[in-house]
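# Topology and contacts: notes
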Amino acid sequence: MNPLLNILFFKPIQKVPTETFDTPEMLFKGLKARKSAAYTVLIQNAKAGIAKIARESGLSSYETEDFIQYCVTEHMEQILDGRYVFQGNKVHSFTINQIATHRIHDYKRLLRGKSTVDLDAIEESNFEAFEADHDINIACKKIIAQLGIRCQQLIKLRFYNDFCDEVIIESKMTQYTDEELLRKARSRCYEKFLKLATEQNVFIRKLERLKADQAAKNNLKQLKELQNGSTK
Amino acid sequence: MVQQSKIDAYLTGEYSETEKKAFESQLIADEALFIMVETQRALRRAGLRQEVEQAFAARPLRGTLRIGIIQRIAAGFLFFGLCFCSYNFFFKTDSTLLSAGNPTTTAIVKTALDEEDMVGQTIQGIILSIRNAPLKDNLLIINKLEKERPELVGYFQGLAYLNAGKVPEAKVLLQKIAATPNHPKQETAKEILKFMD
């Protein structure tokens, strides 16, 4: 086509997600690669189901929207750290049936306080862990806001967006042109970040709870061993 | 450095169940390592949340076309053009509409209707209807004339049949009118019948 016509009639090409994910496997791969188009598809597929659960629990429209985002984020986290194992089923079914269904009570409890909780739901939930993660999220946001812009950028590129150093250098995302220099600068920033994080109680609280859980498990194990020994 | 690669392996699910358990026991024993893992997990969660929020705000773009402002204006013109044509097609008299029936009968009906254009509003409505609407609707409308101008009912029914290409039915009705003395449409009916023969 004539370039003039091109300018007149067509917008410059924009980076828009146009990929289709026709099979659950394709969608899973897209999510694993953190493709925004895959997120959009997962949200579209899971939105109605999660919203129904949220509405039934009495969440407002704003809270419902936030809960949908929370569920998709949680699912993404499980995909990335390998807790979610793809077995050929529709990906959004897991977001709705496993995450939204099991987390709605914890989410509601976090928002409204302990008094509104359905007593039947307490057994199923692990509110302490949910609350601890929530507190850690808030603490990390506060800590990162205390760092300078350059440090924020270096930490976010590595830990938020999961970009490897090679890509950061090639795409000129920072002022650094050498991987070694970039690594050193980030290391200094991360040390500052960790120093501030160590001052927060939230991490210690979670660690103590994990230690207590571990001790309880060990006790149970020992008890079972003793019982087995006595029956023999 | 080694520790960071271990954290990466743990957070990206590269460890086997046994390795994972071993690393988790190490985590509980080492406070500094625990804080590193938890902060990195939280940072990644924040990054994911940001990406999800962006995707949530975006409209589903699968299968849609992004068009420029000039294309939108052109599409607007096209839309109004289509509306204008549709209006003309459905509400205005157009000779092409009459070509649905036999060309000769169509021409006869057109001439007869043109003559009627000077008559009152009700008949004007019927003329418009005969030209544009299907036969079934026309007959219903024409029947409404029964009270005011009963003598014209048969004549317009004949025209409606003729317009729909049903010549025998039209012929019977027009012959009846042609045979009625002092009928206001006796002469016109005779003329139409001449053409039909």
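About the cut-offs
- Here the residue numbering is sequential within each chain, running from 1 through the sequence in written order.
- Think of it this way: whatever chain is written first is A, whatever ligand is written first is 1, and the rest follow in order.
- Local features in this predicted model are restricted to residues whose pLDDT is 70 or higher, and side-chain atom pairs enter the listing and the counts only when it is 80 or higher, whereas totals over whole chains, interfaces and linings include all residues.
- Excluding hydrogens and water, the side-chain values take into account all heavy atoms of the structure.
- Confidence of the predictor at the level of single residues is given by pLDDT, which spans 0 to 100.
- Secondary structure elements follow DSSP: runs of H or I no shorter than four residues count as helices, runs of E no shorter than two count as strands, and numbering proceeds from the N terminus.
- By definition here, a salt bridge exists when the distance from a side-chain nitrogen of Lys or Arg to a carboxyl oxygen of Asp or Glu is within 4 Å.
- Buried residues are those whose accessible area, probed at 1.4 Å on protein chains only, stays under 20% of the maximum for their type, while exposed residues exceed 50% and partly exposed ones sit between those limits.
- The arc in question is the one traced by the directions running from the helix axis out to the C-beta atoms.
- Contacts between residues were defined by any pair of non-hydrogen atoms, one from each residue, lying within 4.5 Å.
- Residues adjacent in sequence count toward polar contacts only when both atoms are side-chain atoms; beyond that, a polar contact is any pair of N or O atoms within 3.5 Å, and within protein one must be able to donate a hydrogen and the other to accept it.
- Candidate patch residues must exceed 30% relative accessible area and have no salt bridge, after which like charges are joined if within 9 Å and Val, Leu, Ile, Met, Phe, Trp or Tyr side chains if within 5 Å.
- Computed with the Shrake-Rupley method and a 1.4 Å probe, the accessible areas treat only the protein chains shown as cover for residues.
- We treat Lys and Arg as the positive residues and Asp and Glu as the negative residues; His and chain ends play no part in the count.
- Lys charges are placed at NZ, Arg charges at CZ, Asp charges at CG and Glu charges at CD.
- The term nonpolar core refers to a set of buried residues drawn from Ala, Val, Leu, Ile, Met, Phe, Trp, Tyr and Cys, joined through side-chain atoms within 4.5 Å.
- Joining two parts hides part of their accessible area as seen by a 1.4 Å probe, and the buried area is that hidden amount summed over both.

## Observations regarding the confidence of the model for chain A
Taken as a whole, chain A shows an average pLDDT of 83; of its residues, 85% reach a score of 70 or greater. Here helix H6 (residues 119-122) of chain A stands out as the least confident element of chain A, with mean pLDDT 51; helix H4 (residues 61-80) of chain A is the most confident, with 92.

## Considerations on the pattern of salt bridges
In this structure the tally under the stated criterion is 21 salt bridges over all chains. Residues Glu 74 of chain A and Arg 83 of chain A are paired through a salt bridge, measuring 4.0 Å at the closest nitrogen-oxygen approach. As a salt-bridge pair, Arg 183 of chain A and Glu 179 of chain A come within 3.0 Å of each other at their nearest N and O atoms. Pair noted here: Arg 183 of chain A and Glu 179 of chain A are both in helix H10 (residues 179-198), with a separation of four residues, about one helical turn. Through salt bridges with shared partners, one network takes in Glu 77, Asp 133 and Lys 206 of chain A together with Glu 38, Arg 41 and Arg 45 of chain B.

## Observations regarding helix H10 (residues 186-196) of chain B
Residues and elements named next belong to chain B. Along H10, the residues classified as buried are Gln 186, Thr 188, Ala 189, Ile 192, Leu 193 and Met 196. Considered in projection along H10, the buried side chains sweep an arc of 160° and stay on one side of the axis. In this structure, H10 carries Lys 194 and Phe 195 as exposed residues pointing more than 90 degrees from its buried face.

## Considerations on the confidence of the model for chain B
Low pLDDT marks stretches whose predicted atomic positions should not be read closely. All names here are of chain B. When pLDDT is averaged along chain B, the result is 75; 69% of the residues meet or exceed 70. Put simply, helix H6 (residues 121-132) is where chain B has its lowest mean pLDDT, 58, and helix H3 (residues 31-57) is where it has its highest, 89. This model gives residues 93-101 a pLDDT under 50, and the stretch forms 14 contacts once residues within four places in sequence are excluded. The low-confidence segment residues 117-122, where pLDDT is below 50, has seven contacts with residues more than four positions distant or belonging to other chains. Interface scoring of the predicted complex returns ipTM 0.80; its pTM is 0.60.

## A look at the side chain of Glu 38 of chain B
Assignment of secondary structure puts Glu 38 of chain B in helix H3. Among the residues examined, Glu 38 of chain B registers a relative accessible area of 3% and is labelled buried. At 2.9 Å, the side chain of Glu 38 of chain B forms a polar contact with the side chain of Lys 206 of chain A. Discounting chain neighbours no more than four positions away, the residues touching Glu 38 of chain B are Asp 133, Ile 136, Phe 203 and Lys 206 of chain A.

## Side note on a positive patch on the surface
Residues and elements named next belong to chain A. A contiguous patch of positive charge, built from Arg 150, Lys 184, Arg 188 and Lys 192, is present on the exposed surface. For the positive patch, the element with the most residues is H10, which contributes three residues. Here Arg 150 lies in helix H8 (residues 149-160).

## Overview of the nonpolar core
Judged by nonpolar contacts, the single largest core of 38 residues is most densely connected at Ile 155 and Phe 193 of chain A. No other element matches H3 of chain B, which puts eight residues into this core. With sequence-adjacent residues up to four places away left out, Phe 193 of chain A is seen in contact with Cys 140, Ile 143, Ile 144, Leu 147 and Ile 155 of chain A together with Thr 39 and Leu 43 of chain B.

## Some remarks on the interface of chain B and chain A
At the junction of the two partners, chain B supplies 41 residues and chain A supplies 53 residues. For chain B, the biggest contributors to the area lost against chain A are Ile 28, Leu 43 and Phe 56 of chain B; these three give 16% of the whole. The tally of links from chain B across to chain A stands at six salt bridges. Between Asp 133 of chain A and Arg 45 of chain B there is a salt bridge, with the nearest N and O atoms lying 4.0 Å from each other. Inspection of the chain B/chain A interface yields twelve residue pairs in polar contact (both at pLDDT 80 or more). Elements with a contribution of two residues or more to the side of chain B that touches chain A: helix H1 (2-11), helix H2 (17-29), H3 and helix H4 (69-91) of chain B. Considering every element that reaches the side of chain B that touches chain A, the biggest residue donor is H3 of chain B, with 22 residues.

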